[in-house]
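Structure at a glance
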Amino acid sequence: MEQINIYSAEEVVSRIYVEDGMEMLEACLKPYEHVFVVMDANVAMNCPVAYEMSQMMNRHGVPGMLVDVSEEAKCMETVMDICGWLLENGADRDALVLGVGGGITTDMVGFAASLYKRGVRCAYVPTTLLAQVDAAIGGKTGVNFGGYKNMLGTICQPEFTYICPQVLESLPMEAFQAGAAEMLKTFIIEDNGNYQEAVRLLKDLADDFVAICQGATLSDGEARWPEVLLPRLAELTPLIAAAARVKAGVVSRDQFETGERRKLNLGHTFGHAIESLAHRHRNDIDHGHAVALGMVYAAQLAEKLELAEPGFAAAIERDLDSCLLLIFNPYSIQDMAEAMTKDKKAEGGKVHFILPRAVGDVVVCDMAVEDVVALF
Ligand code: GLY
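The notes below deal with the structure included here. (Residues numbered from 1 in each chain as written. Predicted model: local features only at pLDDT ≥ 70, side-chain atom pairs only at ≥ 80, totals over all residues. Heavy atoms only, no water.)

Comments concerning the site of the ligand
With respect to spatial proximity, the complete set of residues near the ligand consists of Asp134, Lys140, Lys247, Glu257, Arg261 and Leu264. Contacts to the ligand include Asp134, whose side-chain N or O atom sits 3.0 Å from a nitrogen atom. For the ligand, whose unbound accessible area comes to 200 Å², protein coverage reaches 86%. When grouped by side-chain class, the residues that make up the shell around the ligand number 1 nonpolar, no polar and 5 charged. (Near = heavy atom within 4 Å. Polar contact = N/O pair within 3.5 Å; in protein donor to acceptor, adjacent residues only side chain to side chain. Areas by Shrake-Rupley, 256 points an atom, 1.4 Å probe, with all protein chains shown as cover. Nonpolar A, V, L, I, M, F, W, Y, C, P; charged D, E, K, R; others polar.)

So, unusual backbone geometry
Although it is not a glycine, Lys117 adopts a positive phi angle of roughly 50°. Residue position: Lys117 is located in the loop between α5 (103–115) and β6 (121–126). Positive phi outside glycine occurs at Asn150, with the angle close to 50°. As for its position among the elements, Asn150 is in strand β8 (residues 148–152). (Helix = DSSP H or I, 4+ residues; strand = E, 2+ residues; numbered from the N terminus.)

Regarding the layout of surface pockets
Roughly 260 Å³ of volume is contained in the second largest pocket. What lines the second largest pocket is a set of 16 residues, and nearest its centre among them are Tyr32, Glu33, Val35, His60 and Val62. Of all the secondary structure elements, the ones that give two or more residues to the lining of the second largest pocket are α1 (25–29), β3 (34–40) and α3 (48–60). For the lining of the second largest pocket, the element with the highest residue contribution is β3, accounting for 4 residues. Among the residues forming the lining of the second largest pocket, the class breakdown is 10 nonpolar, 3 polar and 3 charged. (1 Å grid on protein atoms, 1.4 Å probe; cavity = no way out; pocket = protein on both sides within 12 Å on 5 of 7 lines; lining within 4 Å. Points joined across faces, edges and corners; volume = space filled by probe spheres on them.)

What to know about helix α8 (residues 194–212)
Three or four residues apart is the spacing at which side chains of an α-helix point the same way, because the helix has 3.6 residues per turn. A rise of 1.5 Å per residue sets the reference length of α8, with its 19 residues, at 27 Å; its end C-alpha atoms lie 27 Å apart and thus fit the reference within 8%. Listed in full, the buried residues belonging to α8 are Asn194, Tyr195, Ala198, Val199, Leu201, Leu202, Leu205, Ala206 and Phe209. Tucked inside the fold, the buried residues of α8 contact α7 (173–189), α9 (237–253) and α12 (312–322). (Expected span 1.5 Å × (residues − 1). Buried < 20%, exposed > 50% of the residue type's maximum accessible area, 1.4 Å probe, protein only. Contact = heavy atoms within 4.5 Å.)

Things to note about the packing of aromatic side chains
On inspection of all chains with the given rule, the structure shows 7 aromatic pairs. Ring geometry for Tyr17 versus Phe160: centroids 5.9 Å apart, planes at 55°, classification tilted. Of this pair, Tyr17 sits in strand β2 (residues 11–18) while Phe160 sits in strand β9 (residues 160–163), placing them 143 residues apart in sequence. Comparing Tyr17 with Phe160 shows no difference in burial state: the two are buried. Taking 6.1 Å as the distance between ring centres and 85° as the angle between the ring planes, the aromatic pair formed by Phe36 and Trp85 counts as edge-to-face. Here Phe36 is found in strand β3, whereas its partner Trp85 is found in helix α4 (residues 76–88), with 49 residues between them in sequence. On the basis of relative accessible area, Trp85 is assigned to the buried category, the value being 11%. An aromatic cluster is defined as three or more aromatic residues linked by ring pairs; in this entry it consists of Phe270, Tyr297, Phe353 and Phe376. (Phe/Tyr/Trp six-rings, centres within 6.5 Å; stacked < 30°, edge-to-face > 60°.)

Describing the pairing of β3
The side chains of a regular strand alternate between the sheet's two faces. Counting buried positions along β3 gives 6 out of 7 residues, so the element sits mostly inside the fold. Inspection of the sheet shows β3 paired to strand β5 (residues 95–101) by 6 bridges, in the parallel sense. Considered in β5, the bridge of His34 is made with Ala95. Where β3 lies against strand β4 (residues 64–67), 4 bridges are found, and the strand directions are parallel. Looking at the pairing, Met39 lines up with Leu66 of β4. (Pairing = 2+ DSSP bridges.)

With respect to the environment of Arg93
Relative to the helices and strands, Arg93 resides in the loop between α4 and β5. Between the alpha carbons of Arg93 and His34 there is a distance of 9.6 Å; along the sequence they are 59 residues apart. Once you skip the residues sitting within four places of it in the chain, Arg93 turns out to touch Lys117, Arg118, Gly119 and Val120. For Arg93, the side chain forms a polar contact with the main-chain oxygen of Gly119, separated by 2.4 Å.

Here we look at α7
A rise of 1.5 Å per residue sets the reference length of α7, with its 17 residues, at 24 Å; its end C-alpha atoms lie 24 Å apart and thus fit the reference within 8%. Along α7, 15 of the 17 residues are buried, which leaves the element largely enclosed by surrounding structure.

Some words on the pattern of salt bridges
In total, this model carries 20 salt bridges according to the counting rule given. Between Asp134 and Lys247 there is a salt bridge whose closest N-O contact spans 2.9 Å. Taken as a pair, Asp134 in helix α6 (residues 129–135) and Lys247 in helix α9 lie far apart in primary sequence, 113 residues in all. A salt bridge links Glu260 to Arg253; its shortest N-O distance comes to 2.8 Å. Here the residues in one salt-bridge network are Asp134, Glu182, Lys185 and Lys247, joined through shared partners. (Salt bridge = Lys/Arg side-chain N within 4 Å of Asp/Glu carboxyl O.)

Let's talk about empty space enclosed by the protein
Rolled over the atoms, a probe sized like a water molecule indicates the empty space that remains. Applying the stated criterion across every chain yields a total of 2 cavities of 30 Å³ or more. Put simply, the second largest cavity is a space of about 40 Å³. Taken together, Asn265, Leu266, Gly267, His268, Thr269, Phe270, Ala298, Phe353, Ile354 and Leu355 make up the lining of the second largest cavity. Going through the elements one at a time, α10 (268–280) and β10 (350–358) are the ones with two or more residues in the lining of the second largest cavity. The residue inventory of the lining of the second largest cavity, partitioned by class, reads 6 nonpolar, 4 polar and no charged.

Fair warning: the whole summary comes from geometry, so function is off the table for now.
Set out below in structure tokens:
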């Protein structure tokens, strides 16, 4: 089992375990006397991990709660439901709350744990690729509020994050693609030779998926991994571990996002604008495709500012397209600019744009949105 640490002032504040299989989870939980499990109800219905976990919980008499998970349910009411359930079940200050699900689940469970009795410990079993490479690492917790995403939240490190790529076998392809976009984002921020390898594998998997599931598209909400491709999930393990290492390093250097951690928002400034416009117009553009488009705009902006070599944005676009991560963006730069200025990350009229100068070399530029529009 690979262990990756997150440090604060040279102390380990969170551990990430990457392991093919769920067997080691029980050993990871052994030091904690009072464990409370909060699981996404959809994971409980569809994910093989749920069966293994329920057996383990029964053996140890661990209480479990199921939560309905969606962007709408990512709110204070659900957090209060979790806190109420912990109280009813006698959770004390020594409790460990284990969140099992995707990023919405781990964000809400971490937030509830950070509030309950002024803060109890939490740990995560992320069940989506996005949560495995990003959301369940680094301690950001939160819920949507006042019409804005993640407006209320805390930064509170989980004791550990247990990453098992096999749990992805029940993940819809659309959600898989969202994680694939975040994985490539991570390697554009810090390459270590992983970017090209990730593009190769993700392209290969996308090609196989299309060849096997003739007629299904990757963004079809129902499309799932075909059985013959399941053994290939293990090929993702080294890349998931590499992405987790990059994120753990960034968070160790800047836990509270005063500088370097902002780089993890590569693709998200434009991407969130596209997502919020799509939400407003009831268009179906999911997070992964919005972030992929956002990375192309960020690369184009870097070129326009002469930070990146001519042709860099086109190369990124080709790579993302080969992994079937790119779709048509129906929104103009003016539409996106309006949405960006409403983003909570706009500070003093300026927005942090994360700009790639090359693969593995990303800078943060604070720019007025009007200046960006003028360049496009
Ligand atoms: N998801 C970006 C971060 O954790 O900072």
